[in-house]
Protein chains: 2
Amino acid sequence: MRDGEKDQCMSTDIQGHSSRPALLVIDMQNDFVRPGAPLQVAGVRSIIPKVSALLALFRKKGLPVFHVIRVHRASGVDVEITRREIFSKTPFAVEGTLGAEVIPELAPIPGEHVVKKTRMSAFFQTDLDLMLRTLGADTLFVAGIQTPNCVRTTVFDAMAYNYRVFLVRDAVAAKTDAIHDANVLDMQNIGIGIVECAEVPRMLP
Amino acid sequence: MRDGEKDQCMSTDIQGHSSRPALLVIDMQNDFVRPGAPLQVAGVRSIIPKVSALLALFRKKGLPVFHVIRVHRASGVDVEITRREIFSKTPFAVEGTLGAEVIPELAPIPGEHVVKKTRMSAFFQTDLDLMLRTLGADTLFVAGIQTPNCVRTTVFDAMAYNYRVFLVRDAVAAKTDAIHDANVLDMQNIGIGIVECAEVPRMLP
């Protein structure tokens, strides 16, 4: 916060713990976001400007950005068993296809990190934790889709690894508002910081 | 199912995939369950008879049982950073104390496995997956507390590891019914089987 300016949205706790932040953008890929994509998440289009603003902010400040994406082999051998049937009918996020790429509006730029995963959590059998520790990041801001699945599992794992975690509420989306809200409440209940996009600029060093 | 008996509660999918089941009982420890314990989970007492019935069933059939418990060093160094403050005021699940033990009604018997964890998921930096694979288990029935935290993270990790997972709805509990129901819905939406305790006997080999 600058010049002792008063801000009702920020607690001292939030201020005190965002010294080495990184941004995680989860699954903002064509197959889940592009209008008309068979696996498009309802409501996801509305968060694009918010995620874009977060990206611009972290870029401007030279802070680490991680684009976490789901990528599957075309054979589907690395798909969850509960999704094998849908994948066999409608393959999604297949390696090397346009569908697996981050949407053009949010595409990674040189210097940003891309983490590929085959499961929900960005930490599950990836090198994300190792990279974050190498960079010295201690605080994570999380954006993307969807609130109950890839976003939430990533948030819970991040907490398990002792990162301080802030969910950017208006930069994540779920199939319905009810699901989104119930999940935000659960995360708040375990000590995850819930913030709006507009609050983030003053939380960064 | 026996003798071609018709049962509305079971799908052929459920029947076809429970050949090597194991039971996970999560966090049914004195500090979270004992009446009057400072961290007692509201509503947890009501599930004790259900979890007890599941234990009796798995014991009778000689199927593997895992008691997953949270255990912390008295120093609190292994507690999540979001819980350090509460732990310093009210230490819970401390190694070697009665509070860390499974409640007497559900106490492990010889031949059953105890997995100690310091985080929510039973799989997080434990040998649970290794033991399950060694035993050849492919299907997990999950009971215990609480639905949004230790139960759900365990269920999601189990799915990530390709286990077939059944949440025993009336043998898990949360702080409120609304939280419980919202979490059950999220798990159902990703392909977790939601069953009642009374359905389990006929799902086992």
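Structural data are supplied above this passage.
To start, this report covers the structure provided alongside it. (Residues numbered from 1 in each chain as written. Chains lettered and ligands numbered in written order. Predicted model: local features only at pLDDT ≥ 70, side-chain atom pairs only at ≥ 80, totals over all residues. Heavy atoms only, no water.)

**What to know about the relation of the copies chain A and chain B**
Okay, so step 1: Mapping chain A onto chain B is achieved by rotating through 180° and translating by 0.0 Å along the same axis, at an RMSD of 0.0 Å. The superposition of one copy onto the other is thereby described by a two-fold rotation axis. When C-alpha positions in chain A are compared against the rotation axis, the closest is assigned to Ala 182 of chain A, at 3.2 Å. (Least-squares fit on C-alpha atoms with pLDDT ≥ 70 in both.)

**Some remarks on the environment of Cys 150 of chain B**
Residue and element names in this part refer to chain B.
Okay, so step 1: Among the structural elements, Cys 150 can be located in helix α6 (residues 147-160).
Okay, so step 2: Considered as a pair, Cys 150 and Ile 69 are 81 residues apart in the sequence and their alpha carbons are 9.9 Å apart.
Okay, so step 3: Among all residues touching Cys 150, those that are not within four sequence positions of it are Ile 26, Asp 27, Arg 70, Lys 117, Met 120 and Ile 145. (Helix = DSSP H or I, 4+ residues; strand = E, 2+ residues; numbered from the N terminus. Contact = heavy atoms within 4.5 Å.)

**Things to note about unusual backbone geometry**
Okay, so step 1: Each neighbour pair has its own omega, and for Ile 145 of chain A with Gln 146 of chain A the value is -25°, a cis peptide bond.
Okay, so step 2: With respect to the helices, strands and loops of the structure, Gln 146 of chain A is situated in the loop between β4 (139-145) and α6 (147-160).
Okay, so step 3: Positive phi outside glycine occurs at Asp 27 of chain B, with the angle close to 60°.
Okay, so step 4: Examined against the element boundaries, Asp 27 of chain B turns out to sit in the loop between β1 (21-26) and α2 (30-33).
Okay, so step 5: Despite not being glycine, Gln 125 of chain B has its phi angle at roughly 55°, a positive value.
Okay, so step 6: For Gln 125 of chain B, the position within the fold is in the loop between β3 (113-117) and α5 (128-135).

All quantities given are derived from atomic positions and should not be read as evidence of function.
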